[in-house]
Amino acid sequence: MTANNERSDWWKQAVVYQIYPRSFKDANGDGLGDIAGITSKMDYLQSLGIDAIWLSPFYPSELADGGYDVIDYRNVDPRLGSMDDFDAMTEAAHAAGMKVIVDIVPNHTSNKHAMFQEALKAGRGSAARDRYIFREGRGDNGELPPNDWESVFGGPAWERVEDGQWYLHIFTKEQPDLNWKNPDVHEEFLTTLRFWSDHGTDGFRIDVAHGLTKDLDSMPLEELGRRYSIQEQGSVDGKHPLWDRTEVHEIYREWRKVFNEYDPPRFAVGEAWVVPEHQHLYASTEELGQVFNFEFAKADWNASSLLAAIEEGLDSAAHSGGSTTTWVMSNHDVPRHASRYGLPQIPARGHHQIAHDWILRNGNSYYEDRTLGTKRARAAILLETGLPGSVYVYQGEELGLFEVANIPWNKLEDPTAFFTRENLVEKGRDGCRVPLPWDSEDVPSPADWDESFGQGASFGFSPSTKEDGSPADDPHLPQPLWYADLAVNREEADSGSMLHLYREALESRSRLLTSTGNTDCEVSQPTDDVIAYTRTSSDESGRRFASFTNFGTTDFALPEGEIVLSSQPISGSSLPQDTTVWMLLK
């Protein structure tokens with residue numbers, strides 16, 4: 001067990017590895033990653049030096065939105081295994097000294113969920129229908145939706161049912177929004193939190209944490225539709241009818257009572273795309289405990305953007321009443337940062353806009369400089385992991401995986417690709433969800449539909465055959481043939497690989513920083529192009545830990561001290577561009 005995990009507040013400085021189960025490891029050859037596959041790679045996960053694994057949804061689902069359309073919150077999708085498999089995985093993780101975090105999706109259910117099916121049958125005005133957000137339509141016969149809101153994925157945010165009413169779905173029509181004014185909804189999730197806690201889960205990641213409570217009654221829905229857009233996820237004044245409302249915090253204070261029933265208390269981290277001024281509300285130790293600092297993930301590769309994200313994250317933590325901030329560069333919803341950092345760093349109206357434009361055009365609109373992207377990604381992981389708080393690592397980033405931008409459109413799964421239109425056109429998130437490459441020797445042959453992708457084998461993602469001896473199915477998303485260069489076995493054999501850098505960084509972080517229990521951090525900017533910070537270290541002679549990242553074209557003169565780790569080889573005392581160094585200073 002890591003020294004960090006021996007503490008009851010382990011989550012405050014944890015390194016958490018996000019697993020997208022369907023793309024991590026397939027144990028039975030059906031082309032889908034599964035729970036048993038995760039268990040089979042527990043040694044690999046332990047070797048990274050992480051404190052916890054976080055599993056994206058593995059519940060029964062129609063996969064309208066990558067598993068976030070949940071049919072049953074207290075079960076495992078049979079395609080991914082069973083509750084016995086989950087219990088075995090949790091036991092293996094705990095035996096390896098790692099905590100387990102699972103995803104909770106409380107804003108909406110699947111339209112196949114028993115509660116929604118009951119609501120459809122029960123009809124207008126029923127108690128069952130009140131668990132969701134149903135409204136009458138406009139027009140002479142209610143044939144028009146209540147207003148003109150468009151969902152996050154594009155297309156109308158309202159869907160009509162057989163008896164003529166309409167229900168709200170902020171995401172796909174297969175994901176009807178819950179009515180959190182209904183006490184039955186509260187009980188459903190209190191029961192769910194206890195269920196997974198009783199099965200050994202140590203914490204929870206809360207999907208769309210800022211979207212649960214809604215105000216659809218303060219003014220006519222048509223007027224709400226004109227004044228507010230679903231796409232703008234909240235505001236500083238807190239008056240948006242759908243996002244980041246004050247009432248949501250009452251729910252999390254209720255959940256905190258459940259978390260505190262356990263010893264040690266369970267914790268949660270909220271996915272809340274809110275203004276920095278509101279992050280600390282979700283991170284309060286009276287509520288979830290932690291919230292994602294997405295400002296860091298949204299930042300371009302330049303000193304001013306990342307410095308602002310760091311300062312905002314630390315400031316948010318300082319106002320949270322005992323929490324810590326989080327650091328994340330990639331996850332299952334955003335383009336991989338090794339690609340983002342290798343694309344032109346051009347100012348744009350929205351975060352990741354350049355990357356989304358590049359993906360939409362199958363990777364052809366801008367030049368992706370992979371050498372540069374890798375160099376910057378190496379510098380970024382040291383910049384990130386030396387900071388106080390929790391670090392969230394997305395599966396494959398430790399290999400330096402790039403975004404797979406050229407997946408053929410007819411092979412995509414993400415609803416974003418099918419529903420966006422006009423000014424909302426996007427190709428979607430499948431490019432960061434492609435199954436991982438484990439074995440460079442398990443090389444597929446070029447696919448007959450596209451020679452840049454493979455079929456037949458799967459770089460070790462799946463076994464070669466199923467239990468009945470028949471050939472394994474192709475991975476659920478196609479793998480590019482360049483995956484061979486970044487497979488786990490090849491990187492393990494290369495001491496200069498991204499994988500080795502991650503292992504070195506996490507080991508040094510644990511030994512020098514996390515072991516102190518101290519979360520102090522003094523941030524500075526020695527030049528316009530350099531971000532520096534110092535922290536208390538475990539060094540017996542009292543030397544302070546220091547990190548320097550140079551974004552500029554001019555080498556930066558390092559102070560005297562011992563170099564602990566660097567993202568690139570350093571000659572003398574000069575720090576070159578796009579490089580981070582860790583030092584111990586007197």
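Here, residues in each chain are numbered from 1, in the same order as that chain's written sequence. At least 70 in pLDDT is required for a residue's local features to be given in this predicted model, at least 80 for side-chain atom pairs to be given and counted, and no such filter applies to totals for whole chains, interfaces and linings, which use all residues. No hydrogens and no water enter the side-chain calculation; it runs on all heavy atoms of the structure.

Asks: Just to check I follow, could you spell out the pairing of strand S20 (residues 579-585) for this structure?
Replies: Looking down a regular strand, the side chains alternate between one sheet face and the other. Under the scheme applied here, a residue whose accessible area is under 20% of the maximum for its type counts as buried, over 50% as exposed, and between as partly exposed, the area being computed with a 1.4 Å probe on protein chains only. The way it works is that DSSP assigns letters per residue, a run of H or I at least four long becomes a helix, a run of E at least two long becomes a strand, and they are numbered from the N terminus. Burial within S20 is extensive, with seven of its seven residues counted as buried. Because side chains alternate across S20, one face comprises the buried residues Thr-579, Val-581, Met-583 and Leu-585, and the other comprises Thr-580, Trp-582 and Leu-584, equally buried. Pairing between two strands requires that DSSP report at least two bridges joining them. For strand S16 (residues 544-550) and S20, the ladder comprises seven bridges, and the chain directions are antiparallel. The partner of Phe-548 across the bridge, within S20, is Val-581.

Asks: It is not clear to me how the sheet that holds S16 should be interpreted in this structure. Could you clarify?
Replies: Adjacent strands of a sheet pair through backbone hydrogen bonds, lying either parallel or antiparallel. As summarised here, the arrangement of the five strands in space is S14-S15-S16-S20-S18, forming an open sheet in which the pairing is antiparallel. Each end of this open sheet is capped by a strand with a single partner; those strands are strand S14 (522-524) and strand S18 (562-566). Ignoring which end each strand starts from, the neighbouring axes of this sheet average 20° apart. As judged from the four bridges shared by S18 and S20, these two strands associate in the antiparallel manner. Across the sheet, the residue bridging to Glu-562 is Leu-584, located in S20. Throughout, a contact is declared for two residues whenever any of their heavy atoms are within 4.5 Å. Angular values range over 0 to 180 degrees, each being the angle between N-to-C directions of two axes fitted as lines to C-alpha atoms, with helices fitted over their stretch in contact. Each of S14 and strand S15 (530-535) touches helix H10 (residues 303-318); the most contacted strand, S15, lies at about 30° to it. Contacts between helix H16 (residues 498-512) and the sheet are confined to S16, S18 and S20, with S18 contributing the most and set at about 135° to the helix.

Asks: Would you explain unusual backbone geometry in this entry?
Replies: Negative phi is the rule for most residues except glycine; trans is the rule for most peptide bonds. Residue Pro-264 is reached from Asp-263 by a cis peptide bond, and omega for that bond is 0°. Along the polypeptide, Pro-264 turns up in the loop between helix H7 (248-259) and strand S8 (267-270). Positive phi outside glycine occurs at Leu-63, with the angle close to 60°. In this structure, Leu-63 sits in the loop between strand S2 (52-55) and helix H3 (83-95). Residue classification places Leu-63 among the partly exposed residues on the basis of a relative accessible area of 26%. Here Asp-578, not a glycine, exhibits a phi torsion of approximately 55°, which is positive. Locating Asp-578 in the fold gives a position in the loop between strand S19 (574-575) and S20.

Asks: It is not clear to me how the sheet that holds strand S7 (residues 203-206) should be interpreted in this structure. Could you clarify?
Replies: Read across the sheet, eight strands follow the order S9-S8-S7-S3-S2-S1-S11-S10 without closing on themselves; strand pairing throughout is parallel. Lying at the two open borders of the sheet, with one neighbouring strand each, are strand S9 (289-291) and strand S10 (326-328). The mean angle between the axes of side-by-side strands here comes to 25°, regardless of whether they run parallel or antiparallel. As paired elements, S7 and S8 share four bridges and run parallel to each other.

Asks: Any chance you could explain the nonpolar core here in plain terms?
Replies: As a rule of thumb, nonpolar side chains are buried together in soluble globular proteins. Take the buried residues of types Ala, Val, Leu, Ile, Met, Phe, Trp, Tyr and Cys, join any two whose side-chain atoms come within 4.5 Å, and each joined set is a nonpolar core. Tyr-17, Ile-38, Leu-45, Phe-58, Tyr-252 and Trp-255 are the most contacted members of the largest nonpolar core, which totals 117 residues. Ranked by residues supplied to this core, first place goes to H16 with seven residues. Setting aside anything within four residues of it in sequence, one finds Phe-58 in contact with Pro-21, Arg-22, Ile-35, Asn-75, Val-76, Asp-77, Leu-80, Phe-86, Val-102 and Trp-196. Core analysis: the second largest hydrophobic core is formed by 17 residues, Phe-153, Ala-157, Leu-224 and Trp-243 among them.

By themselves these figures say nothing about function.
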